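Observations on the three-dimensional arrangement
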Amino acid sequence: MAGREDVRFPSGEADCAGWLYRPEGDGPVPLVILGHGLGAVREMRLDAYAERFAAAGYAALAFTYRYFGDSGGEPRQLLDIRRQHDDWRAALRFARTLSGIRPDAIALWGSSFAGGHVLEIGASEPGIAAVVSQCPFTDGLASMRKVEPKVAARNTVLALRDELAARIRRPPVRVPVAGAPGTTALMTAPDALKGVEALSAGHAIDHTVTARVGLRIGPYRPGRALRRPHPPTLLCVCEHDSVAPAAAAIKHAERGRDVEVRRYPIGHFEIYWGDAFERAVADQLEFLQRHLST
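Remember, it's a predicted structure, so these values are computed and weren't measured experimentally. (Residues numbered from 1 in each chain as written. Predicted model: local features only at pLDDT ≥ 70, side-chain atom pairs only at ≥ 80, totals over all residues. Heavy atoms only, no water.)

So, about the packing of helix α1 (residues 46–55) against helix α8 (residues 274–292). Running from N to C, α1 and α8 cross one another at 45 degrees; their axes reach a closest spacing of 11 Å. In this view, α1 runs oblique relative to α8, as classed from their interaxial angle. Pair α1 / α8 crosses with right-handed handedness. Taking contact as the criterion, the partners of Ala48, Tyr49, Arg52 and Phe53 in α1 are, on α8, Phe277, Glu278, Val281, Gln284, Leu285 and Leu288. (Axes fitted to C-alpha atoms, helices over the stretch in contact; angles between N-to-C directions. Helix = DSSP H or I, 4+ residues; strand = E, 2+ residues; numbered from the N terminus. Parallel < 35°, antiparallel > 145°, perpendicular 65-115°, else oblique. Left-handed = near helix turned anticlockwise from the far one by under 90°. Contact = heavy atoms within 4.5 Å.)

Here it is, written out as structure tokens:
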């Protein structure tokens, strides 16, 4: 049975907390680095994927970004895209120092917002063997179009207040990650609040983030990274995705090279559970087997 240990690694001025899974057996093995979505932490089902990868013979490193969960950093709940990219790079550096790991066989696995991060990191960092992007956030403009105008306006006001607070060194202004339709939150699709709550079951998790990120989601279009040289990439796309529109992900994939797409007739949050989870993990393992085992 695969073992799990708590680890920490430095990133910027603080550190990231993670779980390191090692498969049974001896000898250097490939490793998959896993990161989560918008304001999410590794306790929100990353262990389910990491356990499957470890059972298949891969090491797995599931981590939480700075400012969230049990990772370090102040202010708490700071959601900064650039700093999250830096956390991915720090995780990659840490992974390459681990004993028993093949540094030439490291894959990135990201879900939702991190599904976009791994596309960008895969195209900008050398030596990554493969990328898996699940229910991927690929296009901020496409996602913003899904938000009700009144909700978007209220989020913008909060974002501007938080931006001002940061400049004058006042406490951050926060916004809920998910809420019911019509409420003030970053995600207000009908399935968003229930989906986030289901992923958090059994854990006390703060589901707010610094509101300033609302000014940066729209311009963030990591799907464009697929037009640049990048590792073999698998997109696991939810056809009825209410948060990260499937059409945008598929359009970006069609403009890239060495990109595989698997489509599932489900919503954004359904891929973490039941038959959809089993199908996605099977597809991901088949993809990893082709690209990490040579």
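Considering all chains together, one arrives at 19 salt bridges under this definition. Arginine 8 is the partner of aspartate 15 in a salt bridge, and the nearest nitrogen-oxygen pair spans 3.0 Å. For aspartate 15, a relative accessible area of 23% translates into the label partly exposed. Residues joined in a network through salt bridges with shared partners are Arg82, Asp86, Arg89 and Glu125. (Salt bridge = Lys/Arg side-chain N within 4 Å of Asp/Glu carboxyl O. Buried < 20%, exposed > 50% of the residue type's maximum accessible area, 1.4 Å probe, protein only.)

Our focus in this paragraph is a positive patch on the surface. The grouping of Arg145, Arg224, Arg227, Lys251 and Arg255 at the surface amounts to a positive patch. For arginine 227, the position within the fold is in the loop between β8 (208–210) and β9 (233–238). (Patch = residues over 30% accessible without salt bridge, like charges linked within 9 Å, V, L, I, M, F, W, Y side chains within 5 Å. Areas by Shrake-Rupley, 256 points an atom, 1.4 Å probe, with all protein chains shown as cover. Lys, Arg positive; Asp, Glu negative; His and termini not counted. Charge placed at Lys NZ, Arg CZ, Asp CG, Glu CD.)

The strands that make up a sheet are held in pairs by hydrogen bonds between backbone atoms, and each pair lies either parallel or antiparallel. Strands sit in the order β1-β2-β4-β3-β5-β6-β9-β10 across an open sheet of eight strands; the sheet is mixed. Edge strands, defined here as strands with exactly one partner in the open sheet, are β1 (3–11) and β10 (259–264). Neighbouring strand axes in the sheet, compared pairwise and without regard to direction, differ in orientation by 20 degrees on average. Sheet analysis places β9 next to β10, joined by six bridges and oriented parallel. Residue pairing across strands places cysteine 238 opposite tyrosine 264, the latter belonging to β10. Together, β1, β2 (14–22), β3 (29–35), β4 (59–63), β5 (101–111) and β6 (130–134) form the strand contacts of α1, whose direction differs from that of β3 by roughly 170 degrees. (Pairing = 2+ DSSP bridges.)

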